[in-house]
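Given next are the chains, with one letter for each unit.
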Amino acid sequence: MPDDAATTTVVRSPEDPRAHASDRLRWAQLPAELRDEIEATMNARVVEEISVVSGFSPGMGSLVRLSTGDQVFLKAARTLDAPECADLHRAEAKISVRLPAAVPMPRFLWGHGDGDWIVLASEAIDGYPPRVPWDPAVLGRVLETLDDLARVPGARQIPLPPAGPQLASAAIGWGRVQREPYQHLEHVSPWAAQHLDRLVEAELGVLVACEGESIVHGDMRAENLAVTDDQVYVLDWPYAMRGAGWLDLAHLLVTVGAQGVEGVFEPVDVEVPCDGGPPVVRWDDAERAGAWLTAVFDDHPLGAEVHPEDLRSIVGGFAGFSLDTARRPAPPGRPCLPDRSLGRALAGLAWLEHLGL
């Protein structure tokens, strides 16, 4: 259940740009020898660069225009400076080169690694991440794309890790809250405080709930999508897994629940003080959001036959992971992570409360 670690491959940004915490690496900051190797690989010089505004990675994420007139999207990171980012790029390269052509993603072009630097190149997409609160029409297109992705055959032929162990190892947030009590739990969610034992029990079912044979992206959220006039692309694949086809749907809907949907319900508005004080929560639409999330999931082709206990386990696991993240200090370069994480936790809890435990 990763959060905000990978970069986003978008050419143009939405009209309402979001604030971002990191200053991305730029083309001119790469070592001259590395720039020479990249240009030799592309058989063209880089003449213009547009750095993307989405994501929280410190690595380079830029659209570059070449002397040939072509455009390419480049990611780059250095192990010495940003080891987590570099490792994610390496994982993405291994996965992207093996994914079937039917996967709705930008075409992977090439990768370059020298043990310290890792560079990835993919086709340029003239798209933008969905703006939030979500436009219902755009969300409808994304939901159709998730159905298409879940039905791409061949997950067994790709060396993807099974989703069960991956997600079960992360879905331990409620257990941690039980062992290391969160002093503000009653304040942020009286319902969760009253049902803590049941939430701990629910997240124990994640391992079994994940079983399946679909390609699972593993980090489905607005920042990892690019919308064009005729297609929705799924970006950033370092966390790809093999598992139940509805996992990405559930993950996305929790994030949508936190971000709001125009004309349906408002986004979660929270502020987590850095001094450990009680979070400020301003959200009157929890009940409306919970009912909407349930209805959308049930009406989606992927959600129609999901066992209720499996859904409770996945949503509960994600909510617990998010709450546990929110109560911890923000990592360097991502000061907004606790706020965002608590928002997702509250959206997941609103959904769970409607589902019932």
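Residues numbered from 1 in each chain as written. Predicted model: local features only at pLDDT ≥ 70, side-chain atom pairs only at ≥ 80, totals over all residues. Heavy atoms only, no water.

Per an unreviewed UniProt entry, the protein chain carries the name Phosphotransferase and comes from Oerskovia merdavium.

1. Brief notes about the side chain of D248
Inspection of the secondary structure puts D248 in helix α10 (residues 247-259). Buried charge D248 goes without a salt bridge, the closest partner of opposite sign being R221 at 10 Å. Separated by 3.1 Å, the side chain of D248 and the backbone nitrogen of G218 make a polar contact. Beyond its immediate sequence surroundings of up to four residues, D248 is in contact with L146, L149, I215, V216, H217, G218 and M220. (Helix = DSSP H or I, 4+ residues; strand = E, 2+ residues; numbered from the N terminus. Buried < 20%, exposed > 50% of the residue type's maximum accessible area, 1.4 Å probe, protein only. Lys, Arg positive; Asp, Glu negative; His and termini not counted. Salt bridge = Lys/Arg side-chain N within 4 Å of Asp/Glu carboxyl O. Polar contact = N/O pair within 3.5 Å; in protein donor to acceptor, adjacent residues only side chain to side chain. Contact = heavy atoms within 4.5 Å.)

2. Some details on the nonpolar core
By size, the foremost hydrophobic cluster in this structure holds 82 residues, and its most contacted members are W174, W237, W246 and L252. Residues contacting W237, with those up to four places away along its chain left out, are E92, I95, S96, L99, V103, M105, L149, I215 and H217. Within the second largest apolar cluster, 18 residues are counted, among which are A44, V46, M60 and A121. (Core = buried A, V, L, I, M, F, W, Y, C linked by side-chain atoms within 4.5 Å.)

3. Quick notes on the packing of aromatic side chains
This model, assessed by the stated rule, comprises 3 aromatic pairs. Taking 6.0 Å as the distance between ring centres and 85 degrees as the angle between the ring planes, the aromatic pair formed by W246 and F297 counts as edge-to-face. Residue W246 is located in the loop between β9 (241-243) and α10, and its partner F297 is located in helix α11 (residues 286-299); the two are separated by 51 residues in the primary sequence. By relative accessible area, W246 is classed as buried at 8%. F297 gets classed as buried once you look at its relative accessible area, which sits at 1%. (Phe/Tyr/Trp six-rings, centres within 6.5 Å; stacked < 30°, edge-to-face > 60°.)

4. Re the sheet that holds strand β3 (residues 71-78)
A sheet is described by the order of its strands in space; here 5 strands give the open sequence β1-β2-β3-β5-β4, paired in antiparallel fashion. Strand pairing shows two members of the sheet lacking a second neighbour, β1 (46-51) and β4 (108-113), which therefore form its edges. Strand-to-strand twist of the sheet, defined as the mean angle between neighbouring strand axes without regard to direction, takes the value 25 degrees. Note: β1 against strand β2 (residues 60-66), 5 bridges, orientation antiparallel. Residue pairing for β2: V46 is matched across the bridge by L66. Here helix α1 (residues 32-42) sits on the sheet and contacts β1, β2, β3, β4 and β5 (117-123); the angle it forms with β4, its principal contact strand, is near 145 degrees. Along the sheet, helix α2 (residues 83-96) contacts β3, β4 and β5; its crossing angle with β3, the most-contacted strand, is approximately 135 degrees. (Pairing = 2+ DSSP bridges. Axes fitted to C-alpha atoms, helices over the stretch in contact; angles between N-to-C directions.)

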